[in-house]
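# Summary of structural features
So you can see what is in the structure, the chains are spelled out below.
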Amino acid sequence: MRKLSFYLLSLLVVIGLTFTSCDEDTDPVAPSITLVSETGYTSANATVEPGDSIHFKVDVRKGDAKLVDLTFKRDAIQLEESPYDLEDDSDIVIIATKAPAAAADYTYDFEVTDKDGESASKSVTITVASAVGNVISYTNKTLQAPTGDGTNDNNIASIDGSLFGYADATTDAEQGKADLVYFYGPNLVEEAIICAPNDVPTEINSGYADWNVKNATKFVSASSVNFDAIPADDDTEIVNAVNNPTLSKTTPLSVGDIWGFETASGKKGLFKVTALQEGYNPGDYITIDLKVQE
């Protein structure tokens, strides 16, 4: 009986060891991955502005097998110099990238793989949000029909709302302030037009030929914008409306028309026609309100 008990006990031990061995064979230890939380590095969901630099510090450690590589993806698309080769047992990988230009949520994935094909992964969501800026407003700005001597105020500077004539801008700095030029005509074509300084028709003050600085302002129609509702602390509506402007001048203007423009320096703005006395005589004019990025 003692021999039988000893035999049964030995058998149970062997069976136990066998199951333990099987468990070890079927449950390999995978590698691990951690996004290090340190100043200057992103380790969790975050919000950035378009084009911002983003840095990750990735800590990877081996499990049962040696490490092979680390892949880095944004919205399932592999980025940068990924995959990164890794040291056998552990490694720290510094990844630097830039946020996309378009405002949206982006998923960044990190995956480490070992030589046995085991892997571990981390992901974070980076929200790209357009920076909101203030809006400067100028009201009741009256641009006069230009005269042959260039003294009427047919130019306006969006940077400060100042009005001046062709002959008043005698220096490069003064000429460089002009973003919008008003004229009526020219010749037998009777139409009110606002255009870029670099595209003034030759019939108007000799096409500003004597100016050294002629800004290349670009225009786009913005008829659907609720101009009066744009707040002073949010330029989002302006940024969205002035998307890839390509025109060097407006089409013929009427009261109520709204146009977007982008200056040579990259500032975006809108103007609305509030009054118009058509003609090319010294007393004729157009009056506009402007809203411009600060």
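Residues numbered from 1 in each chain as written. Predicted model: local features only at pLDDT ≥ 70, side-chain atom pairs only at ≥ 80, totals over all residues. Heavy atoms only, no water.

## Points about the confidence of the model for the chain
Where the model shows low pLDDT, its predicted coordinates should not be examined in detail. Confidence along the chain averages 89 in pLDDT terms, with 90% of residues attaining 70 or more. Across residues 11-15, confidence stays below pLDDT 50; counting only partners more than four residues off in sequence or on other chains, it has zero contacts. (pLDDT = per-residue confidence, 0-100. Contact = heavy atoms within 4.5 Å.)

## Re the nonpolar core
Counting 24 residues, the largest nonpolar core has Phe 56, Val 58, Leu 70, Ile 95, Tyr 108 and Phe 110 as the members making the most contacts within it. Every element with two or more residues in this core is listed here: β1 (32-35), β3 (53-61), β4 (67-74), β7 (90-98), β8 (104-114) and β9 (119-128). With sequence-adjacent residues up to four places away left out, Phe 56 is seen in contact with Tyr 41, Thr 42, Phe 72, Val 93, Ile 94, Ile 95, Thr 97, Tyr 108, Phe 110 and Val 124. Core analysis: the next-biggest nonpolar cluster, separate from the first, contains 19 residues, Tyr 138, Ile 156, Leu 180 and Phe 261 among them. (Core = buried A, V, L, I, M, F, W, Y, C linked by side-chain atoms within 4.5 Å. Buried < 20%, exposed > 50% of the residue type's maximum accessible area, 1.4 Å probe, protein only. Helix = DSSP H or I, 4+ residues; strand = E, 2+ residues; numbered from the N terminus.)

## Remarks on the packing of aromatic side chains
Tallying each qualifying case throughout the model produces 10 aromatic pairs. Plain terms: the ring middles of Phe 56 and Tyr 108 are 5.9 Å apart, the flat faces sit at 40° to each other, and that makes the pair tilted. A residue pair is termed long-range when its members are at least 10 positions apart, and Phe 56 in strand β3 and Tyr 108 in strand β8 qualify at 52 residues. Judged by its relative accessible area of 0%, Tyr 108 falls in the buried class. Here the aromatic rings of Phe 72 and Phe 110 are separated by 5.1 Å at their centres, their planes lie at 25°, and the arrangement is stacked. With a gap of 38 residues between them, Phe 72 in strand β4 and Phe 110 in strand β8 connect regions that are remote in the sequence. Residues Phe 72 and Phe 110 agree in their burial class; the two are buried. Put simply, the rings of Phe 56, Phe 72, Tyr 108 and Phe 110 touch in pairs and so form one group of aromatic residues. (Phe/Tyr/Trp six-rings, centres within 6.5 Å; stacked < 30°, edge-to-face > 60°.)

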